[in-house]
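Each chain, letter by letter, is given below.
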Amino acid sequence: MEQKKISRRNFVKESSLVTGGILLAPSLFATPTFRKEKTLKLALVGCGGRGTGAAVQALKADANVKLVAMADAFEDQIEKSYGNLSKLFDKSRVDLKPDMKFVGFGSYKKAIDEADVVILTTPPGFRPQQFEYAVSQGKHVFMEKPVATDVAGIKKVLNAAKLAKEKKLNVVVGLQRRYQAEYTEVKRRIQNGDLGKIVSGQVYWNGAGVWVRPRKDSMTEMEYQMRNWYYFNWICGDHILEQHIHNIDVANWFIEELPIKAQGMGGREVRNGKDHGQIFDHHFVEFTYPSGAIISSQCRHQPGCFSQVSETFQGTLGTSYTGGGNTAILKSYDGNSIYKHDGEHDKNPYQVEHDRLFAAIRSGEEVINNAQYAAESTMTAIMGRMATYSGKEISWDKAMSSDLKLVPDEDLLDFNSVPPVVPNELGEYPIPVPGKTNFY
């Protein structure tokens, strides 16, 4: 795939090749399989709460997995995570020597080199180069969403996804709705025609917002931004990307298309202080798909307001509702129930992701590669951000032809490095202004 310009049509074509299980080229690599008695070595890269949770799920997924290495920019993150894991698992599963705890920017390489399977749960801006390195070293991967924060990162992930396919490496991405029984059953019924053709939909991630970590006098600007990564676009990508990607991904998945354009609006009304960095606290985007379907996308970080994390789709025969506590509903327009899901005994989709990953690694028969559709949905959310930041209508092809690169090479950074954005003399960060800001 050419780096300079990737059209939506080619993007969909590449997606069908990967997700449809067709090899992109004759394989030059042996399938990396592991007998049940073989201990799988696990590395955790990114030791925050999500990383620790993913490590727990990986260790539960297979009785013969051992954590052998950890890496993070912050030593205290590693020690906190290691302490929590040590309380849950005995030393046969979690027992790291000090020299297997790697600290600092670029430390991910040392951890990845020690493992058969790697978990990538650092802030998403660093994910493309970490994924690229893991694949180059022949490692199976679990990585969290989103998979990039800029177009340059998307292209890097696409190329690494191809290589992972050729090497028959398993890659699972934390868009866990695709592993959740409520959603997979609704998807199956949509494919069977129960709703007819999807013509519109509404997807939501409206909540109160996330944590803020106070600035300390001892912090450099880089450390402050890394501790508060959610509020800086080069590391996070804004909450339309970091959180709302889940709902946007469901739209792409159910419709089985990628949007051809987006337009929308957004801004900072409530969470607009210096400690909120540069991200918006609300976004509304209208995505238009090739079939004519139009999806309205809402996400908000405003306390005391209407909260909703769900998806609704209107088809020619009826409507689907997902996200309401594992109780998906499909209704016809005459009010009759088509289907109601009872999710009381459904498995935790976060655990299912890892169960599937490790089963695939062991068998060597099924190769899972989620990287392509994860890149698609990440790019869809980035295009939505471009639309809200600029106030312009953005086409898929125009977005993908952008030379947008927000993230510097992680290997060249340390805590004394100057971040890509810095505050002015009043401590304020540059904020996108619709109508004035170029899309990015």
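Note that this is a predicted model, so its numbers are computed, not measured.

### Here's the deal with the UniProt feature "domain: GFO/IDH/MocA-like oxidoreductase" (unreviewed entry) in the chain
The UniProt record marks residues 183-299 with the feature "domain: GFO/IDH/MocA-like oxidoreductase" (unreviewed entry), using the residue numbering of this structure. Secondary structure within residues 183-299 divides into 26% helix and 26% strand; the distance between the first and last C-alpha atoms comes to 20 Å.

### Things to note about the nonpolar core
Membership of the largest hydrophobic core comes to 125 residues, with the highest contact counts inside it found for F131 and W234. Among the elements that take part in this core, helix 12 (residues 371-390) stands out by supplying 10 residues, more than any other. Each residue touching F131, except ones within four places of it in the same chain, is listed here: L120, V141, M143, V157, A160, A161, V171 and A371.

### Some thoughts on the UniProt feature "domain: Gfo/Idh/MocA-like oxidoreductase N-terminal" (unreviewed entry) in the chain
UniProt records the feature "domain: Gfo/Idh/MocA-like oxidoreductase N-terminal" (unreviewed entry) at residues 41-165, using the numbering of this structure. With 46% helix and 19% strand, residues 41-165 has its two end C-alpha atoms placed 21 Å apart.

### Observations regarding the pattern of salt bridges
Here the structure, examined in full by the defined rule, presents 16 salt bridges. R189 serves as the salt-bridge partner of E185, at 2.7 Å between the closest nitrogen and oxygen. Residue E185 and its partner R189 are both found in helix 7 (residues 181-191); the two are separated by four residues, about one turn of the helix. One exposure class covers both E185 and R189, and it is buried. Residues R215 and E221 are paired through a salt bridge, measuring 3.1 Å at the closest nitrogen-oxygen approach. Classification of R215 as partly exposed rests on a relative accessible area of 44%. Exposure remark for E221: the relative accessible area of 19% places this residue in the buried category. By sharing partners, the salt bridges in this structure join E185, R188, R189 and D194 into a single network.

### So, the sheet that holds strand 5 (residues 140-143)
Here we have six strands laid out as an open sheet, ordered 3-2-1-4-5-6, and parallel in their pairing. The outermost strands of the open sheet, each flanked by one partner alone, are strand 3 (101-103) and strand 6 (171-173). The mean angle between the axes of side-by-side strands here comes to 15°, regardless of whether they run parallel or antiparallel. Here helix 2 (residues 49-61) sits on the sheet in contact with strand 1 (40-45), strand 2 (65-72), strand 4 (117-120) and strand 5, set at roughly 170° to strand 1.

### So, helix 12
The end-to-end C-alpha distance of helix 12 is 28 Å, a good match for the 28 Å that 20 residues give at a rise of 1.5 Å each. In terms of residue burial, helix 12 counts as a mostly covered element, since 20 of its 20 residues are buried. Remark: G391 follows helix 12 within two positions and exhibits a positive phi of approximately 75°.

### Topic: the sheet that holds strand 13 (residues 329-332)
Overall, mixed pairing links the nine strands, which are arranged 14-13-12-11-7-10-9-8-15 in an open sheet. Whereas interior strands pair on both sides, the edge strands pair on one side only; in this sheet they are strand 14 (337-340) and strand 15 (394-395).

### What about unusual backbone geometry?
Keep in mind that most residues, glycine aside, have a negative phi and that most peptide bonds are trans. In this model, K145 is joined to P146 through a cis peptide bond whose omega is -20°. Mapped onto the elements of the fold, P146 is located in the loop between strand 5 and helix 6 (151-167). Even without glycine at this site, D238 takes up a positive phi of about 80°. A relative accessible area of 0% places D238 in the buried class. Of note, the phi angle at E256 is positive, near 65°, even though the residue is not glycine. Position of E256 relative to the elements: it lies in the loop between helix 10 (245-255) and strand 8 (261-267).

### Concerning the packing of helix 10 against helix 12
Here helix 10 crosses helix 12 at 115°, and the two axes come no closer than 9 Å. With respect to helix 12, the axis of helix 10 lies roughly perpendicular. For helix 10 against helix 12, the interelement crossing comes out right-handed. Along the contact surface, helix 10 presents I245, I248, D249 and N252, while helix 12 presents Y373, E376, S377, T378, T380 and A381.

### Digging into the packing of aromatic side chains
One pass over the full model with this rule turns up 16 aromatic pairs. Arranged with centres 6.3 Å apart and planes meeting at 80°, the rings of Y224 and F232 form a pair that is edge-to-face. Like F232, Y224 is buried. Ring-pair connections join several aromatic residues into one group, and the members of that group are F74, F105, F126, W234 and F415. The residue whose ring lies beneath R178 is Y373, and the NZ or CZ to ring-centre distance is 3.6 Å.

Cut-offs used in this document
Residues numbered from 1 in each chain as written. Predicted model: local features only at pLDDT ≥ 70, side-chain atom pairs only at ≥ 80, totals over all residues. Heavy atoms only, no water. UniProt positions renumbered as here; feature names shortened; annotations may be inferred. Helix = DSSP H or I, 4+ residues; strand = E, 2+ residues; numbered from the N terminus. Core = buried A, V, L, I, M, F, W, Y, C linked by side-chain atoms within 4.5 Å. Buried < 20%, exposed > 50% of the residue type's maximum accessible area, 1.4 Å probe, protein only. Contact = heavy atoms within 4.5 Å. Salt bridge = Lys/Arg side-chain N within 4 Å of Asp/Glu carboxyl O. Pairing = 2+ DSSP bridges. Axes fitted to C-alpha atoms, helices over the stretch in contact; angles between N-to-C directions. Expected span 1.5 Å × (residues − 1). Parallel < 35°, antiparallel > 145°, perpendicular 65-115°, else oblique. Left-handed = near helix turned anticlockwise from the far one by under 90°. Phe/Tyr/Trp six-rings, centres within 6.5 Å; stacked < 30°, edge-to-face > 60°. Lys NZ or Arg CZ within 6 Å of the ring centre and 35° of its normal.

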